[in-house]
Amino acid sequence: MTDEWTQTLGAGPLLAIAAGAVALLLLLIIKVRLHAFVALILVSLLTAVAAGLPTGGIVDVLLDGFGSTLAAVALLVGLGAMLGRLIETSGGAKVLTDVLIARFGERRAPLALGIASLMFGFPIFFDAGLVVMLPIVFAVARRLGGSVLLYGLPVAGAFSVMHVFVPPHPGPVAAAEFLGANVGAVLLVGLLAAIPTWYVTAYLFGRFAGRRFDLPVPEILGRADDAQTANPPRFGAVVGILLLPLLLIFANTGLETAASAGWADGDSGVVAVAGLIGSTPVALLITVLVAAWVLGRRRGIEGTALEKTLDSALGPVASVILITGAGGMFGGVLRATGIGDALADVLGDLGLPVIVAGFLIAAVLRVAQGSATVALTTAAGLVAPAVAAGGYGSVELAAIVVAVAAGSVVLSHVNDSGFWLVGRFFDMDVRTTLRTWTVMETGIGVMGFGIACLVFAVA
């Protein structure tokens, strides 16, 4: 029914509805102490009614937002949690922690975790990379002590900056296509923005947040079994398991990029097979099966014991999955009401320099409706005519792409499913998530935009 419906409210009332919905959600969760899952569903329903969505189509909009988010998140979180539980309970995380600390020292452990995540983050998406690295983060935090944020934020920030700024991730690739930018130039400018931005906004901020917010290590992945840690797996076996999904995904994204650039035949069987086994859910499924064999059956854990180990991973992450899905529901309602389209119409005529306009449009759309992908693609589409008429060089075009991408990441809050994913994985309440994750993401966007402007000015 919503396909034939036209929004009659202007940008002002719609923006007021969105602001009121966010304020009500924060009130219900922080002050009333209503469970986030229930609060998100309730506010999503009230927002849909207030914005005038057809009554008969409201439930469909709610379910579409919830279901599309779960389609992207549930398999990754579930399989990632199983993998994390196998690595943790087998003693594999302890083995990696011991080697990491021996090589880099205790003081440099957060830096080493972050650098490893930057490398892992080149081919792998944010959420998949985070769930693969979590057992290592938690094991290091338990071993060395201190807040889990000291180790977790540099890792989460590393995956975030790579996902936002660097091809072959879909956001910068899509923006490059909209704006006619060379993907290779975007890769170079994206790395130039991503690495210093990560160091300042994720690593250094993680050290600050770790001192200010003393959060214990969550028990979401369980603890290592004493009997298993007495006979831990080999270091090379654990590293191989962690690298397996990255290699599979990298093969997929690399061949896709080569095919889109004309370097490889996109219809070939090799590309098709790589696309299947390198898709993130299938890559994680293969990795879980390999881990179950290497860390389980080969070491004498099989049958009911192995089944219970895998099953025990799903209960703790059920809340993460459901709340993340409800966050996607809220964002889906905001998009369906036309808030993003109304704001785009208003912001498209600001008369600002194109690189500034792209950043601001993406930022406002991100804040209004939550989805970084929608914000980025909408903003890129709006500034595309001005970019086409500007006669910009390849480096300038790449800088504009990075600036728009930077705007799409700022102010992650309660309408962003990623906000709930990170908050629940690190066992943070909403207030703490706003003061840590939201601040970090905003810093990533602002600093990335500043670097893009500098590159644009000197190009």
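These numbers come from a predicted model, not from an experiment.

Description of the overall build of the protein
Counting its regular elements, the protein contains 20 helices and 0 strands. Among the 459 residues that make up the protein, the fraction classed as buried is 54%. Across the protein, every contact between residues at least 6 apart in sequence was considered, and the portion connecting residues at least 24 apart equals 83%. Per element, the accessible surface of the protein, about 18,500 Å² overall, is 65% carbon and sulfur.

Side note on the layout of surface pockets
In this model, the largest pocket occupies a volume close to 910 Å³. Around the largest pocket sit 35 residues that line it, and His163, Ala372, Thr373, Asp416 and Ser417 are the ones nearest its centre. Taken together, the elements giving at least two residues each to the lining of the largest pocket come down to α3 (58-89), α6 (126-144), α7 (148-165), α8 (170-179), α14 (304-336), α17 (372-390), α19 (417-425) and α20 (430-458). With 5 residues, the top contributor of residues to the lining of the largest pocket is α3.

A few points about the packing of helix α16 (residues 354-369) against α20
Closest axis-to-axis distance for the α16/α20 pair is 11 Å, and the angle between their directions is 165°. When the axis of α16 is compared with that of α20, the two are roughly antiparallel. The crossing of α16 and α20 is right-handed. Residue-level contacts link Ile355, Val356, Phe359 and Arg366 of α16 to Glu441, Gly445, Phe449, Ala452, Cys453 and Phe456 of α20.

Remarks on a nonpolar patch on the surface
A cluster of nonpolar residues, Tyr199, Val200 and Leu204, forms a patch on the protein surface that exposes about 250 Å² of accessible area. With a relative accessible area of 38%, Val200 lands in the partly exposed category.

Considerations on the pattern of salt bridges
The full count for this structure, using the stated rule, is 1 salt bridge. Asp416 is the salt-bridge partner of Arg366, the closest N and O atoms lying 3.2 Å from each other. You can see Arg366 sitting in helix α16 and its partner Asp416 sitting in the loop between α18 (394-407) and α19, a full 50 residues away along the chain. Its relative accessible area of 3% is what places Arg366 among the buried residues. Judged by relative accessible area, which is 10%, Asp416 ranks as buried.

Looking at α19
A large share of α19 lies buried, amounting to 7 of its 9 residues. All of the buried residues in α19 are Gly418, Phe419, Trp420, Leu421, Val422, Gly423 and Phe425. One side-chain oxygen of the residue at the start of α19 lies 3.1 Å from the amide nitrogen of Gly418, identifying that residue as Asp416. Following α19 by one or two positions, Asp427 adopts a phi angle in the positive range, close to 55°.

What to know about the environment of Arg212
Note that Arg212 resides in helix α9 (residues 183-212). When the C-alpha atoms of Arg212 and Leu149 are compared, they prove to be 9.6 Å apart, with 63 residues separating the residues in sequence.

Details of the packing of aromatic side chains
Considering all chains together, one arrives at 9 aromatic pairs under this definition. Taking 6.5 Å as the distance between ring centres and 70° as the angle between the ring planes, the aromatic pair formed by Phe138 and Phe426 counts as edge-to-face. Highlighted residues: Phe138 in helix α6 and Phe426 in the loop between α19 and α20, separated in sequence by 288 residues. Assessed through its relative accessible area of 1%, Phe138 is described here as buried. The class of Phe426 is buried, set by a relative accessible area of 1%. Here Tyr392 and Phe456 contribute two aromatic rings whose centre-to-centre distance is 5.7 Å and whose plane-to-plane angle is 55°, an arrangement assigned as tilted.

A look at the side chain of Thr438
Inspection of the secondary structure assignment puts Thr438 in helix α20. Take Thr438: its relative accessible area is 7%, and that puts it in the buried class. Those residues in contact with Thr438, other than ones at most four positions away along the chain, are Leu411, Ser412, His413, Phe419 and Thr433.

What counts, and where the lines are drawn
- Each chain carries its own residue numbering, running from 1 in the direction its sequence is written.
- Local features are withheld for residues below a pLDDT of 70 in this predicted model, meaning they are given only at 70 or higher, and side-chain atom pairs are given and counted only at 80 or more; totals for whole chains, interfaces and linings count all residues.
- As a rule here, side-chain values come from all non-hydrogen atoms in the structure, and water together with hydrogens is ignored.
- Strands are runs of DSSP state E lasting at least 2 residues, helices are runs of H or I lasting at least 4, and numbering of each runs from the N terminus.
- Each residue is assigned to one of three classes by its accessible area relative to the maximum for its type, calculated with a 1.4 Å probe on protein chains only: buried under 20%, partly exposed between the two thresholds, exposed over 50%.
- Contacts between residues were defined by any pair of non-hydrogen atoms, one from each residue, lying within 4.5 Å.
- Every accessible area reported is derived by Shrake-Rupley at a probe size of 1.4 Å, with residue values counting cover from the shown protein chains alone.
- Put simply, the grid is 1 Å and covers the protein atoms alone, a cavity is a trapped set of points that fit a 1.4 Å probe, a pocket is an open set with protein on both sides within 12 Å along at least five of seven lines, and lining residues have an atom within 4 Å of a point.
- Grid points are joined across faces, edges and corners, and a volume is the space filled by probe spheres set on the points.
- Fitted lines through C-alpha atoms serve as axes, helices being fitted only where they are in contact, and the angles separating the N-to-C directions of these axes extend from 0 to 180 degrees.
- In what follows, roughly perpendicular refers to angles from 65 to 115 degrees, roughly parallel to angles under 35, roughly antiparallel to angles over 145, and oblique to any angle outside these ranges.
- Two helices that cross are described as forming a left-handed crossing if the nearer one is turned anticlockwise from the farther one by less than a right angle, and a right-handed crossing if clockwise.
- Residues form patches when they are more than 30% accessible in relative terms and have no salt bridge. Like charges link within 9 Å. Nonpolar side chains (Val, Leu, Ile, Met, Phe, Trp, Tyr) link within 5 Å.
- Each reported salt bridge corresponds to a side-chain nitrogen of Lys or Arg within 4 Å of a carboxyl oxygen of Asp or Glu.
- Here a polar contact is taken to be a pair of N or O atoms separated by no more than 3.5 Å, where protein atoms must pair a possible hydrogen donor with a possible acceptor and residues adjacent in sequence count only if both atoms sit in side chains.
- Classification of ring pairs uses Phe, Tyr and Trp, with its six-membered ring standing for Trp, and accepts pairs whose centres are within 6.5 Å; under 30 degrees between planes counts as stacked, over 60 as edge-to-face, and the remaining range as tilted.

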